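Survey of secondary and tertiary structure
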Amino acid sequence: MCACGRAETFSLAIGSNYLLDSEQQWRIKAGCDVARVIAIANQKGGVGKTTTAINLSAALAIAQKETLVVDCDPQANATGGLGFPKDPARRSIYNCLLQKLPLESIMLKCQLEHLFLIPSDKNLVGATVEIIDLPEREQVLRRKLEPLRERFEFILLDCPPALDLLAINALVAADSVLVPIQCEYFALEGVSELLDTLMRIRRAQKLTLAVEGILLTMFDERTNLSRQVRDDLKDFFGSQVFSTFIPRNVRLAEAPSHGQPVLTYDPRSSGAESYRQLAEEVIAHAEKGVGARA
Ligand SMILES: Nc1ncnc2c1ncn2[C@@H]1O[C@H](COP(=O)(O)OP(=O)(O)OP(=O)(O)O)[C@@H](O)[C@H]1O
Ligand SMILES: [Mg+2]
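Keep in mind the model is a prediction, meaning the values are calculated, not measured. (Residues numbered from 1 in each chain as written. Chains lettered and ligands numbered in written order. Predicted model: local features only at pLDDT ≥ 70, side-chain atom pairs only at ≥ 80, totals over all residues.)

Points about the site of ligand 1
Close to ligand 1 lie 19 residues; Gly45, Lys49, Thr50, Thr51 and Pro161 are nearest. Counting only elements with at least two residues in the shell around ligand 1, the list comes to α2 (49–62) and α10 (250–254). When residues in the shell around ligand 1 are grouped by element, the largest group, three residues, is from α2. (Near = placed C-beta within 6 Å. Helix = DSSP H or I, 4+ residues; strand = E, 2+ residues; numbered from the N terminus.)

As structure tokens, this is what we get:
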């Protein structure tokens, strides 16, 4: 077996034709410029989803791209990491998903210019159960996001470590999925399940949903294991793996406790540099129309 674990089936999910729904076709015909919505997802916990949401969004904002982070996780780590400590009085995405409240009404402006946040809080745990009774329960977030798509260039959705109804709502709302994978043995455990879910969503909802890219996180060039995982991933996923790897970097782990992205906490760190590079790749994808609008 390769260092990544079972990987043979994953290539099935790559390179299939993308389906566009009628609304997206209309927008493309009309030449409307709408946000690229990227779900950052992996049901495995602690692989760097939130770190990527915080720092990729900051790097995009620094590159003058209007960017929105939607915290879709009841742990609310992206909310805290972007400078908004827990506050029971603050309304969150939970209120919007279950009430007739537009997302815009709870949107927060972050310290960095061009960067905005839809915050989460622990109440969101209940939403998984409560939205089951709503009509078209997988589409709730997608519909709520629609009015914001023309205002932003990038919308990043920080997903919970699960494939529950919240994560499905994020995937249905997204144009593409960025999958962070930690450099470790069995790194790909669960990725087949995630990609299989993407395929099913695409078919069932007749939606565009591309793979934005696979991102190696906590990479340590000095270890054989990191290098082997990287080589195996490249063998299986080819160009779907981002050229940028995120190194293991203590500044990335420290920054959230200061409520800052690493790009402002320590702009010269290797972590900051790697997320700047990742932002360049993501911007290039959008410009070339790689993925959702290919
Ligand atoms: N490149 C890195 N170098 C060092 N530490 C990192 C790096 N990326 C993430 N971490 C740390 O690893 C932990 C998990 O990261 P993170 O919270 O981003 O993962 P996650 O996938 O969002 O987790 P969860 O599944 O619980 O939402 C955090 O403590 C974070 O600070
Ligand atoms: Mg997280």
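From this point on, the discussion continues.
A closer look at the confidence of the model for the protein
For the protein, per-residue confidence averages 86 on the pLDDT scale, and residues scoring 70 or more make up 87% of the total. Ignoring residues within four places in sequence, the model shows residues 1–21, a span with pLDDT below 50, making 47 contacts including any to other chains. Of the regions scoring below 50 in pLDDT, residues 23–32 engages in six contacts with residues more than four places distant in sequence or in other chains. (pLDDT = per-residue confidence, 0-100. Contact = placed C-beta atoms within 7 Å.)

Some points on the sheet that holds strand β6 (residues 176–182)
Across the sheet, which stays open at both edges, the seven strands sit in the order β3-β4-β2-β5-β1-β6-β7 with mixed pairing between neighbours. The open sheet has two free edges, formed respectively by β3 (108–109) and β7 (210–217), since each of these has just one partner strand. Relative to strand β5 (residues 154–158), strand β2 (residues 67–71) runs parallel, the two sharing five bridges. Looking across to β5, one finds that Val70 is bridged to Leu157. (Pairing = 2+ DSSP bridges.)

Regarding the pairing of strand β1 (residues 36–40)
Judged by how many residues are buried, β1 sits mostly within the fold: five of five residues are covered. Neither face of β1 is left uncovered, since the one carrying Arg36, Ile38 and Ile40 and the one carrying Val37 and Ala39 both have all their residues buried. Pairing of β1 with β5 involves five bridges; the strand directions are parallel. Following the sheet pairing, Ala39 is matched in β5 by Leu157. Sheet topology note: the β1/β6 ladder contains three bridges and is parallel. Within β6, the position partnered with Ala39 by the bridge is Val177. (Buried ≥ 20, exposed ≤ 12 C-beta atoms within 10 Å, placed from the backbone.)

Structural notes on helix α12 (residues 270–288)
Over its 19 residues, α12 extends 27 Å from the first C-alpha to the last, a length consistent with the 27 Å expected when each residue adds 1.5 Å. Buried residues of α12: Gly271, Ala272, Ser274, Tyr275, Leu278, Ala279, Val282, His285 and Ala286, and no others. Viewed end-on, α12 has its buried residues packed into an arc of 160 degrees, placing them on one side of the element. Exposed residues on α12 whose side chains face more than 90 degrees from its buried face are Ala284, Glu287 and Lys288. Among the structural elements, β1, α2, β7, α10 and α11 (262–265) are those in contact with the buried residues of α12. Gly289 occupies a position one or two residues after α12 and carries a positive phi of about 70 degrees. (Expected span 1.5 Å × (residues − 1). Arc of directions from axis to C-beta.)

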